[in-house]
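Here is what each chain is made of, one letter per residue.
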Amino acid sequence: MNGKRVAVIGALAIGLAANSSAFSGAEPAMCSAGGAVDFGSVHPQDAALSSALADGLERSATLRGLVRRIQLLNGVVFLAAGPWRNQADRTVFSGGMAHTVAVRGQWRILFGRVEPSRGDATIATIGHELRHAVEILETPGIVDAASIERLYERIGFETHAGAYETENAGRAERAVRSELSRCRRVAVTNR
Ligand SMILES: [Zn+2]
């Protein structure tokens, strides 16, 4: 078993064009969480990813809900920065979640990657990958790569060798993207 195989992937169709309008800065805030953002148990491993997550948590109720849900499910998610390269066929994705889970007491720890510095597209991809984390955490008995693979063979569809996609992750990504489009202000954060 290759532990680095990708379980789930970011949509290839995410466009780089989404970057520019989000940073125009001219539009007033249309919505806000109205306070400090709480990363819960999601840990971006990069300053740009942290900024994207903070921005997204201000502007997207769906993203806030996913972060809360992960913590309620005793999940921990580490998000590294960078594109995901599918080990089997070298396809490059904007994000992915590893097939690995570490169990420490009551906590299940998951590992993903998201390509940073793509504006709102990065935030939508974070939402997509966190939805996959919820899929895993909501399933009892997932304690290793084999049980993750069994889950995705059941709930997902294989898009590339060893890489699975789900309807729910796509739906979450679209919801985040829609909320971001209605709230274009990008918060400046230094988290
Ligand atoms: Zn996916």
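Every value quoted in this text rests on a predicted model; they were computed, and no experiment measured them.

Their axes nearest at 8 Å, the elements helix H4 (residues 120–137) and helix H6 (residues 167–181) cross at an angle of 145°. The handedness of the crossing between H4 and H6 comes out as right-handed. Between H4 and H6, the contacting residues are Asp120, Ile123, Ala124, Gly127, His128, Arg131, His132 and Glu135 on the first element and Asn168, Ala169, Ala172, Glu173, Val176, Arg177 and Leu180 on the second. Across the contact of H4 with H6, the residue classes tally to six nonpolar, four polar and five charged.

It is worth spelling out the nonpolar core at this point. Residues Ile70, Leu130, Ala133 and Ile136 are the most contacted members of the largest nonpolar core, which totals 38 residues. Looking at this core element by element, the count peaks at nine residues for H4. Dropping the residues within four chain positions of it, Ala133 is found in contact with Ile70, Gly75, Val77, Met97 and Leu110.

Phi is positive for Arg90, which is not a glycine, with a value near 65°. Its location among the elements puts Arg90 in the loop between strand E4 (84–85) and strand E5 (92–93). Accessibility expressed as a C-beta count within 10 Å gives 8 for Arg90, which makes it exposed. Here Ser117, not a glycine, exhibits a phi torsion of approximately 60°, which is positive.

Glancing now at the confidence of the model for the protein chain. For the protein chain, per-residue confidence averages 84 on the pLDDT scale, and residues scoring 70 or more make up 79% of the total. Counted against residues more than four places away or in other chains, residues 1–28, with its pLDDT under 50, gives 73 contacts.

Another point: the pairing of strand E7 (residues 107–114). The buried count for E7 comes to six of eight residues, which makes it a mostly enclosed element. Where strand E3 (residues 75–81) meets E7, seven bridges bridge the pair, whose relative direction is parallel. Residue Val76 lies in a different strand from E7, and its bridge partner there is Ile109. The sheet contact formed by strand E6 (residues 95–104) and E7 spans seven bridges and is antiparallel. Within E7, the residue paired with Ala102 across the bridge is Ile109. In this structure, the hairpin formed by E6 and E7 is closed by a connection of two residues, where Gly105 is found at a positive phi of approximately 60°.

Its location among the elements puts Ile126 in helix H4. Judged by the 31 C-beta atoms lying within 10 Å of it, Ile126 falls in the buried class. Considering only alpha carbons, one finds Ile126 and Val176, 50 residues apart in sequence, at a separation of 9.3 Å. Not counting residues within four places of it along the chain, the set of residues in contact with Ile126 comprises Ala52, Leu53, Gly56, Leu79 and Val114.

Thresholds applied
Residues numbered from 1 in each chain as written. Predicted model: local features only at pLDDT ≥ 70, side-chain atom pairs only at ≥ 80, totals over all residues. Axes fitted to C-alpha atoms, helices over the stretch in contact; angles between N-to-C directions. Helix = DSSP H or I, 4+ residues; strand = E, 2+ residues; numbered from the N terminus. Left-handed = near helix turned anticlockwise from the far one by under 90°. Contact = placed C-beta atoms within 7 Å. Nonpolar A, V, L, I, M, F, W, Y, C, P; charged D, E, K, R; others polar. Core = buried A, V, L, I, M, F, W, Y, C linked by C-beta atoms within 7 Å. Buried ≥ 20, exposed ≤ 12 C-beta atoms within 10 Å, placed from the backbone. pLDDT = per-residue confidence, 0-100. Pairing = 2+ DSSP bridges.

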